[in-house]
Each structure stands twice: as C-alpha cells, then as structure tokens.
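Here are the chains, one letter per residue:
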Amino acid sequence: MKTIAEKRKEFMKVLCGTMDRLDPTGANSKRYHEMLDKMSDAQFDKWARQFFKDDKQQFYLEIIEYERDINYDQIDNAAKYLGVPLYETVYLPYINHSHDNVATTPYPVPVGYVHEKRMMQMLEKKNSGSTSIEHRSPLTGQVIGDDKNARNTDVETYSMLAIDANAALAEFLGPRSDDMVAKNQMLSQIAANGYASMADITTDKANKTSLNTLAIYFLMQGFRTNIIGSGGMLPQPANMERTDRLNEKDKDFV
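## Regarding the side chain of Thr-225
Its place among the elements puts Thr-225 in the segment after helix 9 (209-220). The class of Thr-225 is buried, set by a relative accessible area of 18%. Separated by 3.5 Å, the side chain of Thr-225 and the backbone nitrogen of Ile-227 make a polar contact.

## Here we look at the side chain of Arg-8
Counting through the fold element by element, Arg-8 comes out in helix 1 (residues 4-22). Judged by relative accessible area, which is 11%, Arg-8 ranks as buried. Not counting the four nearest positions on each side in its chain, Arg-8 is found in contact with Leu-36, Asp-37, Met-39, Ser-40, Asp-41 and Phe-44.

## Comments concerning the packing of aromatic side chains
One pass over the structure, following the stated rule, counts 11 aromatic pairs. Look at Phe-11 and Phe-59: their rings are 5.9 Å apart centre to centre, the planes differ by 50°, and that puts the pair in the tilted class. With Phe-11 in helix 1 and Phe-59 in the loop between helix 3 (41-53) and helix 4 (72-82), the pair connects residues that are 48 residues apart, well separated along the chain. Each ring, one from Tyr-32 and one from Phe-59, has its centre 5.9 Å from the other, and the planes form 70°; the classification is edge-to-face. Separated by 27 residues along the polypeptide, Tyr-32 in helix 2 (residues 27-36) and Phe-59 in the loop between helix 3 and helix 4 bring together distant segments of the chain. Clustering of aromatic rings is evident, with ring pairs tying together Phe-11, Tyr-32, Phe-44, Trp-47, Phe-51, Phe-52 and Phe-59. If you follow Arg-21 out to its NZ or CZ, it ends over the ring of Tyr-81, 3.8 Å from the centre. In this structure, Arg-31 packs its charged tip against the face of Tyr-32, placed 4.6 Å from the ring centre.

## Comments concerning the environment of Ile-4
Position of Ile-4 among the secondary structure elements: in helix 1. Take Ile-4: its relative accessible area is 38%, and that puts it in the partly exposed class. The sequence separation of Ile-4 and Ala-42 amounts to 38 residues, and the corresponding C-alpha distance is 8.0 Å.

## Observations concerning the pattern of salt bridges
As enumerated under the stated definition, the model contains seven salt bridges in all. Where Asp-45 meets Arg-49, a salt bridge forms, and the shortest distance between an N and an O atom there is 3.0 Å. Of this pair, Asp-45 and Arg-49 are both found in helix 3, four residues apart, which corresponds to roughly one turn of the helix. The partly exposed category is assigned to Asp-45, whose relative accessible area is 22%.

## Regarding the nonpolar core
If you look at the biggest cluster of nonpolar residues, it comprises 12 residues: Phe-11, Met-12, Leu-15, Cys-16, Met-19, Tyr-32, Leu-36, Met-39, Phe-44, Trp-47, Ala-48 and Phe-51. Sorting the residues of this core by element identifies helix 1, helix 2 and helix 3 as the ones contributing at least two each. Among the elements that take part in this core, helix 1 stands out by supplying five residues, more than any other. The contact partners of Phe-44, leaving out residues within four places of it in the chain, are Arg-8, Phe-11, Leu-36 and Met-39.

## Focus on unusual backbone geometry
Positive phi outside glycine occurs at Tyr-66, with the angle close to 70°. Looking at the secondary structure, you find Tyr-66 in the loop between helix 3 and helix 4. Note on Tyr-66: relative accessible area 81%, which makes it exposed. Of note in the backbone geometry, Asp-164 takes a positive phi value of approximately 60° without being a glycine. Relative to the helices and strands, Asp-164 resides in the loop between helix 6 (154-162) and helix 7 (166-172).

The rules behind each value
- Residues numbered from 1 in each chain as written.
- Predicted model: local features only at pLDDT ≥ 70, side-chain atom pairs only at ≥ 80, totals over all residues.
- Heavy atoms only, no water.
- Helix = DSSP H or I, 4+ residues; strand = E, 2+ residues; numbered from the N terminus.
- Buried < 20%, exposed > 50% of the residue type's maximum accessible area, 1.4 Å probe, protein only.
- Polar contact = N/O pair within 3.5 Å; in protein donor to acceptor, adjacent residues only side chain to side chain.
- Contact = heavy atoms within 4.5 Å.
- Phe/Tyr/Trp six-rings, centres within 6.5 Å; stacked < 30°, edge-to-face > 60°.
- Lys NZ or Arg CZ within 6 Å of the ring centre and 35° of its normal.
- Salt bridge = Lys/Arg side-chain N within 4 Å of Asp/Glu carboxyl O.
- Core = buried A, V, L, I, M, F, W, Y, C linked by side-chain atoms within 4.5 Å.

As structure tokens, then:
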C-alpha cells in the first residue's frame, strides 16, 4: 500500500500537470503549490479527505482575459492528459423508444457539464405561449413583440442539428420562418387541402427576408457575396430588361 507521501506526490503531479496544460504560464499550478506544499503529510491527508468528501468542492482555474486566457487547444491537451474524451456518440432512446436499436447522434458531439444558470428560454415547462405570427420585423421577417415566443429558439435549432433533423429544419427555417413565398404556398395548401407538403413548396434562399437583408448590408459596405446570388450581387428580376447595358458575364445580375 502506498504511503501518504507517495499518494500526495502522485496527486500533485496530476493536479499541477493538468493546470499547466490549461495555463502554460504556470500561474495556476504555482498557486496550488503555495497552498498545499506548506502542509504536513497529516494535514494534507485531512484536507484531501474533507475535499473529496464534499461534492461541492472543485479545483478552479484562474484566467485573466487578454493576458492569461484559455483556448481549445489547451483544453484538448488537458483532456488527453487526463484521458477524458471531449466528443462522444450520444444515445437518444427517446427518439424511437427502442431498447434493441437505440438512436444515436450521427457523429460524435461535445459532451460535458455546463455550469450556467438555467435561462428563462430554457425552462423545463413554458409558462406562456403564442399562436399569432402577425407582428414581424421587416428586416428579418421574424416574429417580434408579443408574438416572438412563437419562433423556433436557438436551443431548439441546435437540438435538431445534433440529431440531423434536416426535414424539420427545412420546415422551421423555411415556410415557418422568414420565407414569405413558401409561407403563402403552405397556407394556400392548408386552406385548400387541410394539409401541406414540403415537396410541393418552393424552396429558394432568395425568398428569405433575413438573407436578403444581410446581402444588402454587405453591399452597402462594398462587399460582394454569394449569400443569395451566385454572381456576388443580388439576382435581377426576370421582368427587368437591362442586359443591353451589362456585360455578357454579368447580365443576370444587377
């Protein structure tokens, strides 16, 4: 059986080795050395037993923004040193309710504890809702004001991305978002048939209000992009005849 001194040496090696990988300046490992090295073996043993007995006790990394910061490479280095995987395939039994063929994420995803206070937008049970979509921003096409809680939240979008729910994303970020052409087609189908099919709805990024606004912002700053037009500018409407004043290469764009 190892002595307290041997256990203490191994403990400090792992603790300070981890801190040095998270903070190459050595400031954090120095802080722990100053705190623990002055203890006798008996005092260290008593401290360690009390520390690990309390689940609320943690080892903290002190950083100073723009001076002693932390980046992903340092986190990855420390995780490899400890043998802790940062990416894992997550099992999702609630997707298909099967014990024999459990659904999983299509690719490994980041895992870990998030030490943040739960925000109002992430309440387990919503205490208010909205079925109205009348109030919209003319710039983004998104619902605003009293109707804004009818929108698909960022957290919900990330969740669908994690499980590769492309069909649902196409609907929530298309006709049920800021694509007014697709929205009118969807509402017309529902009014006529009682249902709507994404296969019968026009999907064109040029119809999305938010993308058009973003493209205009870039043009105002002098940047040509392919956000909605492959030629770096906005597509020319079909009824505009200005090709006589444009080069052959650019005649499809204004």
